[in-house]
Amino acid sequence: MSKLLEGLNPEQLKAVTHKSQNPLLIIAGAGTGKTTVITRRIAYLIEQNLAQPDEILALTFTEKAAGEMEERVDQLAPLGMTDFWISTFHSFCQRILERHGLDIGLSHNFKLLDDIKQWILIHKNFEQFQLDYYKPLGSPNRFISALLDHFSKCKDELISPKEYLNYAESLNQKITKSKNPDEDQITEAQRITEIAKAYQTYQQLLLDNEYLDFADLINYCIDLFSRRPNILKQYQKQFKYILVDEFQDTNYAQYELIKLLAGNSINKKTKGNSNSSISAQKNQKKSTKPLNSLVVVGDDDQSIYKFRGASVSNILKLKEEFTKVTQITLIQNYRSSQEVLDLAYNFIQANNPDRLETKLGINKRLIANLNETQGEVKVLEANDLSGELTMVTKKILELKKSHKEASWNDFAILIRANSAAEEMIPKLDAANIPYTFVAHRGLFKKPMISNLINYLQLLDQYHESQALYQVLNFKHFAIEPEQIAVLSHYAKKKTLSLYQALLNADQIPDLTKSTQTQLNKIDQLIQLHSQQKNQKTAVEMFIAIINDLGIIEELKVDTIEAAENRELVDQFFKKIEKFEEDSPSDKSLNAFMQHLNLEIIAGNSGEIKFDPNIGPESLKLMTIHSAKGLEFKYTFMINMVDQRFPTRAKSDPISIPEPLIKDILPEGNAHLQEERRLFYVALTRAKTNLYLSWSKDYGGSRPKKPSLFLDETKLVPSEKVNTATGKVVFTTPTVKKENQKTKKQIYKNIPSVFSFSSISAFRTCPLSYKYEHYLKLPLPGAPSLSFGVSIHNTFQKFAQSFLDTPDLLPDFQVLQDIYETEFIDEWYNDKQEKTKYYQEGIKMLKTVYDDFTINKPQIKYIEQKFSLKLKDYTITGRIDRVDNDQNQNLIVVDYKTGKSKKTKNKQDVDQLKLYQWALSELAEHPVSQMYYWYLLDNQKQEEKIASPEQIEQLQLSILETIDEIVECIKYDLFEEKHQKLGQHFCRYQMV
């Protein structure tokens, strides 16, 4: 027996050695060795002299998968074997069209456009698209993406522009013949006609410029084989054996291509009246058997790409349209424990009766073939998101500690969407867990690449302050954050760009000599590279810049971060190389940056290629889609709650008219079924240990319910899914100190004194506390802040003069003079804004002066300071004004320069309660009245006097906040807390 057949189970053996001319359908469950079957079959056909390498066509979906398949075949096949046709569908079609494109009028020098280049093409020619119904109200940028998505889906369905136009014409003819056409029918016909013409315009643009998009590769290849049967016969004769991997992921067009190559060019009549020149359809109820041996491998339970055209129904169509299809089901699983497999199998039954197991009457229950000890399947439940992620982190550390043989490569955290990574990463950082965030998009947003892009932008726009700010933070320059803040503060105060401030660095007294030296160095580099970019190509400039900025040295360090950055820099460098290749007439850095800016406008965040088999040992944080084909001993899935997983269904912005759709339309809830299949894929990534986490509070107005999938797996009882409740609770990670990252900390001492304004700042915006109250950095001001201080200082001095001579009210001019002296004219955006605020202040002066004239208050305290002891801390503050009433009891007055509020703010209520508490220790008489005086609309809003129990509750609340602040200082969790509160952006994030 051939060595290639050793170790195969009976089902795999049948699949590898299948010799019948009948098509073979292999239903390969997760972890059943489908890649082993495909590669060994190819090698076996060659070994048995049944075919030469160039007589075997193997098609898959990604370049990575094709490369791995070819590498494994190389290892199995006899030495010296070459000319394999193992590739993706698109690469195969490109190869055919480059040879035969002229036979159908295509240039053999066509250029292939990715989605971003397609976007740019339409963007540059948008005036050619005569739109009325779909005319964008503003920028067409987002609308272009919707158009392209629609055109791509049309091509997946083999709908040509001509067919679309004919359908539109049929609608218009019906309206013309109708005596009383419906207004909605008229509008719909106009909409369809407009889209059809736009589709035709786009396709003509491609042809005029000798471009093809990826969907064109499939369509024109089918067109070639349909119109030139002699060429089709050539390839049918060549490819004696055809293998298709991940068959469940093929779309309608790809399936039609497979049928043509296999010799099945006569298809069952399909829905729609297609007269497309690229359609190979002919009417016949049943096909004859194919000329070539066709083997397809797939699993309907792992079909997770419907959003990009995948049609799980192709497996059923194969059974219907080919005679005598042999069927083999692989159920021996070599990845997971039986506990995991049973969980996944029982769960996916919820997709019945639309699964192949039901429709084909087969058994798809997977049987574990592992020698592993039994693992653990567990649900981790917490009160809130922070607690959930902390629980996950602790469990990872616990497993790593208790399983000495485990490496970090055995761990993975799977997420439904990339946004969840932003919540998980701070926890991994705090626990010092080495991780790799696997994202296939977002190259331009990665810190290293974002920094480089900012620097490149500076070479043309010196005064782009945001870009320069990022450059100032480069590790190479080692400028302290406090020093950057000083420079930013100076620039804002003097109304200068950051670059202008940099040029004046020697005039800023708070900048150290070391900082001034580094700022001078930055200016010299900018000047140098600005001159060089006019003489060197983009590639040459990039190499010079990463050397001059010290980035090369950073990349040499043996750390996970350096390893990831090396890969990112290499991918960005290749992007520049590809640009020069596509733009031989202008290879300058300026031209590259213009192209890059267009890509960013188009919504491109940069593709990232990831190979899990390379790089340093690390936990993998990735989406479930990215994890397809991978396996991990310890697998975690987070955010298992309603609306996060399963997600809500999203409809296409522009849908294909149903009469044009040739594919079989799905039955039931297609979106929920797809989400179930995605969850099934996630479950079957786990080898032995599987952990699913959820929490009741994610920061929204309503408590979260556990995912429907936790109910369907029976891991969480149904009644809990229906009655889950929770309140907003923020829990911080209690990670051991030794697990913290060894890095330079700006934070040193834990404060013992807190003001209520600092506590309020933390509650509202944690970054505000971090920069203003803890680091005490010179931050940019704001008009409202300048104005508020001006008003308070004015009333303080005026009230003090009134307090000194209570029987004599000074003239209003005295109050105006004080205001003129105290008015702060900094941080206003322009003179007009400053004048507006000043005039509003005059009105407020008049309001307070009139009140003083009528009521003549008995002022007791002005800007009264206080200091309160609370456990191990001190709470300090200042009260605007305290008056005496007729009984010598106290009236608390707090000025507000804004408008009155319809609803009470808890922070405001707590502030007056704090004043009551302070005065109870400061004065002999109790507080009888407390109110805010909103000066802009002259409204006084009174607050009830607090009971002793309410004061005690206030103290406990303050202590809880202080504990959170201390945790944030210890573990640098301010950004995480900021995101937790939903503060996605504020001015402090630019510090």
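Residues numbered from 1 in each chain as written. Predicted model: local features only at pLDDT ≥ 70, side-chain atom pairs only at ≥ 80, totals over all residues. Heavy atoms only, no water.

(A) Molecular detail of the overall build of the protein chain. In terms of helices and strands, the protein chain carries 37 helices and 22 strands. With 991 residues in all, the protein chain has 53% of them scored as buried. Taking all contacts inside the protein chain whose residues are at least 6 apart in sequence as the whole, residues at least 24 apart take part in 77%. Summed over its atoms, the accessible surface of the protein chain is roughly 46,600 Å², and 48% of this surface lies on carbon and sulfur atoms. (Helix = DSSP H or I, 4+ residues; strand = E, 2+ residues; numbered from the N terminus. Buried < 20%, exposed > 50% of the residue type's maximum accessible area, 1.4 Å probe, protein only. Contact = heavy atoms within 4.5 Å. Areas by Shrake-Rupley, 256 points an atom, 1.4 Å probe, with all protein chains shown as cover.)

(B) Structural view of the pairing of strand β19 (residues 873–884). Among the 12 residues that make up β19, nine are buried, leaving the element largely enclosed by the rest of the structure. With three bridges connecting them, strand β17 (residues 753–755) and β19 associate as parallel partners. Each residue of the ladder has a partner; that of S755, found in β19, is T876. Taken together, strand β18 (residues 858–870) and the strand that follows it, β19, pair antiparallel across an intervening segment of two residues, in which K871 is found at a positive phi of about 60°. Across four bridges, the pairing between β19 and strand β20 (residues 890–896) is antiparallel. Within the sheet, the bridge partner assigned to D883 lies in β20 and is I891. Where β19 folds back on β20, the antiparallel hairpin that results is connected by five residues, among which Q888 adopts a positive phi of roughly 70°. (Pairing = 2+ DSSP bridges.)

(C) Fine view of the sheet that holds strand β6 (residues 241–244). With parallel pairing, six strands are arranged side by side in an open sheet as β3-β2-β6-β7-β1-β8. The open sheet terminates on both sides in strands that have one partner only, identified here as β3 (85–88) and β8 (326–330). Within this sheet the neighbouring strands show an average axis-to-axis angle of 15°, counted without direction. Bridge analysis of strand β2 (residues 56–60) against β6 gives four bridges, and the strand direction is parallel. Among the inter-strand pairings, L57 is bridged to a residue of β6, identified as I242. (Axes fitted to C-alpha atoms, helices over the stretch in contact; angles between N-to-C directions.)

(D) Structural view of the side chain of S87. Along the chain, the position of S87 falls in strand β3. Judged by relative accessible area, which is 14%, S87 ranks as buried. Those residues in contact with S87 that sit more than four places away from it in its chain are A58, L59, T60, A66 and F92.

(E) Local environment of the pattern of salt bridges. Within the structure shown, the criterion is met by 42 salt bridges. When the shortest N-O distance is used, the salt bridge between E188 and R191 registers 2.8 Å. Of this pair, E188 and R191 both sit in helix α8 (residues 183–208), three residues apart, which is roughly one turn of that helix. Residue R191 is classed as buried on the basis of its relative accessible area of 10%. A salt bridge links K575 to E599, with the nearest nitrogen and oxygen atoms 2.9 Å apart. Taken together, the residues K575 in helix α24 (residues 560–582) and E599 in helix α25 (residues 589–601) connect sequence positions 24 residues apart. Residue class for K575 comes out partly exposed when judged on its relative accessible area of 24%. (Salt bridge = Lys/Arg side-chain N within 4 Å of Asp/Glu carboxyl O.)

(F) Summary view of the packing of aromatic side chains. Using the criterion set out here, one finds 41 aromatic pairs in the structure. Between F798 and Y849, the aromatic rings sit 6.1 Å apart at their centres with planes inclined by 50°, giving tilted as the arrangement. You can see F798 sitting in helix α32 (residues 783–804) and its partner Y849 sitting in helix α34 (residues 831–855), a full 51 residues away along the chain. The two residues F798 and Y849 agree in class, both being buried. Cluster of aromatic residues (ring-pair linked, three or more members): F444, F542, F572, F573, F579 and F592. One residue, K846, lies across the ring of F812, its end atom 5.9 Å from the ring centre. (Phe/Tyr/Trp six-rings, centres within 6.5 Å; stacked < 30°, edge-to-face > 60°. Lys NZ or Arg CZ within 6 Å of the ring centre and 35° of its normal.)

(G) The arrangement of helix α12 (residues 314–321) in detail. Taken together, the buried positions of α12 are occupied by N314, I315, K317, L318 and E321. For α12, the buried positions fall inside an angular range of 160° around the axis, keeping them on one side. Buried-residue contacts for α12 involve β1 (24–28), α11 (252–261), β7 (293–298) and α14 (356–359). (Arc of directions from axis to C-beta.)

(H) Broad picture of the confidence of the model for the protein chain. Here the protein chain shows a mean pLDDT of 83. Residues at 70 or above account for 88%. Note that residues 265–287 has pLDDT below 50 and, in this model, 58 contacts with residues that lie over four places away or in other chains. (pLDDT = per-residue confidence, 0-100.)

(I) Structural detail: the state of the cysteines. On inspection of all chains with the given rule, the structure shows zero disulfides. Free cysteine C221: the closest other cysteine sulfur is in C93, separated by 3.8 Å. For C221, a relative accessible area of 0% translates into the label buried. (Disulfide = S-S within 2.5 Å.)

(J) View of helix α9 (residues 214–227). The end-to-end C-alpha distance of α9, which contains 14 residues, comes to 20 Å, matching closely the 20 Å that a straight helix rising 1.5 Å per residue would cover. Most of α9 is tucked away: 11 of the 14 residues are buried. Here α9 starts with a cap whose side-chain oxygen sits 3.2 Å from the backbone nitrogen of A215, and that cap is D213. (Expected span 1.5 Å × (residues − 1). Polar contact = N/O pair within 3.5 Å; in protein donor to acceptor, adjacent residues only side chain to side chain.)

(K) Broad picture of the environment of S588. Its place among the elements puts S588 in the loop between α24 and α25. Aside from chain neighbours lying at most four places away, what touches S588 is A538 and F579. At a separation of 2.8 Å, a polar atom in the side chain of S588 contacts the side chain of D586.

(L) Up close: unusual backbone geometry. Cis geometry is adopted by the peptide bond preceding P353, which originates at N352 and carries an omega value of 10°. With respect to the secondary-structure elements, P353 resides in the loop between α13 (338–348) and α14. For the peptide bond that leads from F645 to P646, omega is 5°, which places it in the cis range. With respect to the secondary-structure elements, P646 resides in the loop between β15 (632–637) and α27 (670–683). A positive phi angle, close to 50°, is found at E246, a residue other than glycine. With respect to the secondary-structure elements, E246 resides in the loop between β6 and α11. Overall, the relative accessible area of 15% leaves E246 in the buried class. Although it is not a glycine, A478 sits at a positive phi angle of roughly 50°. Mapped onto the elements, A478 comes out in the loop between α18 (465–472) and α19 (481–493). In this structure A478 comes out as exposed when scored by relative accessible area, which is 58%.

(M) Here's a closer look at the packing of helix α17 (residues 447–458) against α24. Between α17 and α24, the shortest axis-to-axis distance is 9 Å and the interhelical angle comes to 45°. In terms of orientation, α17 and α24 fall into the oblique class. The segment α17 lies against α24, with M448, I449, L452, I453 and L456 engaging N565, L568, V569 and F572. The residue inventory of the contact of α17 with α24, partitioned by class, reads eight nonpolar, one polar and no charged. (Parallel < 35°, antiparallel > 145°, perpendicular 65-115°, else oblique. Nonpolar A, V, L, I, M, F, W, Y, C, P; charged D, E, K, R; others polar.)

(N) Representation of the side chain of R881. Along the polypeptide, R881 turns up in strand β19. For R881, a relative accessible area of 2% corresponds to the buried category. Once you skip the residues sitting within four places of it in the chain, R881 turns out to touch F852, P857, I859, Y861, I862, I891, V892, V893, Y895, Y931 and W933.

(O) A look at the nonpolar core. The biggest cluster of nonpolar side chains holds 67 residues, and the ones touching the most others in it are I413, L621 and F636. With seven residues, the single largest contributor to this core is α27. Here L621 is in contact with I413, I415, A421, M424, I425, L428, T436, F437 and V438, once residues within four sequence places are set aside. Formed by 55 residues, the second largest nonpolar core is a distinct cluster that contains F474, Y490, L498 and I526. (Core = buried A, V, L, I, M, F, W, Y, C linked by side-chain atoms within 4.5 Å.)

(P) Focus on the packing of helix α35 (residues 906–922) against helix α36 (residues 948–971). Between α35 and α36, the least distance of the axes is 10 Å, while the angle of their chain directions is 115°. Here α36 runs roughly perpendicular to α35, going by the angle between their axes. For α35 against α36, the interelement crossing comes out left-handed. Taking contact as the criterion, the partners of K906, D910, K913, L914, Q916 and W917 in α35 are, on α36, Q950, I951, L954, Q955, S957 and I958. For the contact of α35 with α36, the residue count by class is five nonpolar, four polar and three charged. (Left-handed = near helix turned anticlockwise from the far one by under 90°.)

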